[in-house]
Amino acid sequence: MELELWGVRGSTPVSGKDKNKYGGYTSSACLVTSEGEWIIIDAGTGIKKLGEKMIKHWEEDPAEIHILLTHFHLDHIIGLPYFAPLYSPKITLNFYAGSNPEQTEKYLCGLMGGRYFPLELGETPSKKVYKKIPEKEFHIGGVSVSHCPLNHPQASVSYKLQEKEKKIVFATDTEHPEEGIDERLASFARGADIFIYDAMFTPKEYESSRQGWGHSTWLEGTKLAKEAGVHKLYLSHFNPDHSDKQIDKFISLAREKFPQTYGAMEGFKISL
Ligand SMILES: [Zn+2]
Ligand SMILES: [Zn+2]
């Protein structure tokens, strides 16, 4: 399977010479499984470019796309109206979220139509199916998908995608506990090959004024990675105010604590 990162920024898209290395699009990633299924995690602004690639890939053929939503904060769904497959009658979009299917549809419809967009979501030509993520793990083709609740305002979930022995865990919007680490997340991520974690704030920013905002730091990421025995830690959900230089700096600090630390980067592909 191959994971491609399409957006690694948190909160709001940004641009600028000092943001080019990691990229300015918000959360979106796509896993292409060995059996050829496409599983998308989140629909931030990064999903637009992904959609252009998908449309070219399928051209005339009908296709099923699976979109796992971690939660409904704008940085995780705002790219959806600009996702080209939404406008193809040959495509079925399966949306999975922690909420009931009716709620998921309502939240996503709220993004479009009215004064916000020329079309309602329901008027777009693709077929849409809304699903609540089952409590227990479920399968999309050859990949098993499970989830774990995270500590985030209005709730968010972490997803684990496993194909044969290979595991990828996304935990992009979460705040660590006051004391110790999030044991539930550590056990969920146990032994993951790739662990993608929320590095929105520096420890200093977090301590000075960002407690209770629902995000974490590179330092907490290294603690969790160590405890969970993951192979590689990818810091992500970067602060829109952090420059490439600042991110480089905290990745090198993180490597002193957990040597297999990397920065998630737009356009980056990881084969497993
Ligand atoms: Zn976010
Ligand atoms: Zn959020």
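Residues numbered from 1 in each chain as written. Chains lettered and ligands numbered in written order. Predicted model: local features only at pLDDT ≥ 70, side-chain atom pairs only at ≥ 80, totals over all residues. Heavy atoms only, no water.

J.: Give me the lowdown on the UniProt feature "domain: Metallo-beta-lactamase" (unreviewed entry) in the chain, citing residues and values where you can.
T.: Taken from the UniProt record, the annotation "domain: Metallo-beta-lactamase" (unreviewed entry) applies to residues 26-215. In this annotation, residues 26-215 is assigned 18% helix and 31% strand; the end-to-end C-alpha distance for the span is 15 Å. (UniProt positions renumbered as here; feature names shortened; annotations may be inferred. Helix = DSSP H or I, 4+ residues; strand = E, 2+ residues; numbered from the N terminus.)

J.: Just give me the short version of helix α6 (residues 244-257), but keep the residues and values in it.
T.: Taking 1.5 Å as the rise per residue, α6 with 14 residues should run 20 Å; its terminal C-alpha atoms sit 20 Å apart, in good agreement. Those residues of α6 not exposed but buried are Asp244, Ile247, Phe250, Ile251 and Ala254. Buried residues in α6, looked at end-on, bunch into an arc of 130 degrees, giving them a common side. In α6, the exposed positions that point more than 90 degrees away from the buried face belong to Lys245, Lys249 and Glu256. (Expected span 1.5 Å × (residues − 1). Buried < 20%, exposed > 50% of the residue type's maximum accessible area, 1.4 Å probe, protein only. Arc of directions from axis to C-beta.)

J.: Talk me through unusual backbone geometry; I want residue IDs and the actual numbers.
T.: Across residues other than glycine, the phi torsion is negative in most instances, and most of the peptide bonds are trans. The phi dihedral of Lys164 is positive, around 50 degrees, even though this residue is not glycine. By the element assignment, Lys164 lies in the loop between β9 (156-163) and β10 (166-171). Although it is not a glycine, His237 sits at a positive phi angle of roughly 50 degrees. If you trace the backbone, His237 turns up in the loop between β12 (232-236) and α6. Here His237 falls in the buried class, since its relative accessible area comes to 0%.

J.: How would you sum up the packing of aromatic side chains? Please name residues and give values.
T.: Both the distance between ring centres and the angle between the ring planes are used here to describe each pair of aromatic rings. Applying the stated criterion across every chain yields a total of ten aromatic pairs. Look at Phe95 and Tyr130: their rings are 5.4 Å apart centre to centre, the planes differ by 10 degrees, and that puts the pair in the stacked class. On the criterion of sequence distance, the pair formed by Phe95 in strand β5 (residues 91-97) and Tyr130 in strand β6 (residues 127-132) is long-range, its members being 35 residues apart. In terms of burial, Phe95 and Tyr130 fall into one category: buried. Measuring from centroid to centroid gives 6.1 Å for Tyr234 and Phe268, while their planes differ by 40 degrees, and the two rings are tilted. Taken together, the residues Tyr234 in strand β12 and Phe268 in the loop between β13 (261-263) and β14 (269-271) connect sequence positions 34 residues apart. Residue classification places Tyr234 among the buried positions, given a relative accessible area of 5%. (Phe/Tyr/Trp six-rings, centres within 6.5 Å; stacked < 30°, edge-to-face > 60°.)

J.: Just give me the short version of the coordination of the zinc ion (ligand 2), but keep the residues and values in it.
T.: Those donors, His71 (NE2), His73 (ND1), His152 (NE2) and Asp173 (OD), are the protein atoms that reach the zinc ion (ligand 2), and they lie 2.1 to 2.6 Å from it. Viewed at the metal, the four donor atoms of the zinc ion (ligand 2) are separated by angles of 90 to 174 degrees, and the geometry they form is irregular. Motif for the zinc ion (ligand 2), donor spacing along one chain: H-x1-H-x78-H-x20-D. Among the residues examined, His152 registers a relative accessible area of 8% and is labelled buried. On the basis of relative accessible area, Asp173 is assigned to the buried category, the value being 1%. (Donors = N, O, S within 2.8 Å, 3.2 Å for Na, K, Ca; no water. Tetrahedral: all angles 85-135°; square planar, octahedral: opposite > 155°, others 65-115°.)

J.: Please set out empty space enclosed by the protein residue by residue, giving values where relevant.
T.: All told, the structure shown has one cavity of 30 Å³ or more when counted by the stated rule. Volume-wise, the largest cavity comes out at about 100 Å³. Along the walls of the largest cavity sit 14 residues, with Gly7, Ser27, Ala29, Phe170 and Thr172 positioned nearest its centre. At the level of secondary structure, the elements contributing two or more residues to the lining of the largest cavity comprise β1 (2-7) and β2 (28-32). Here the residues of the lining of the largest cavity sort into seven nonpolar, six polar and one charged. (1 Å grid on protein atoms, 1.4 Å probe; cavity = no way out; pocket = protein on both sides within 12 Å on 5 of 7 lines; lining within 4 Å. Points joined across faces, edges and corners; volume = space filled by probe spheres on them. Nonpolar A, V, L, I, M, F, W, Y, C, P; charged D, E, K, R; others polar.)

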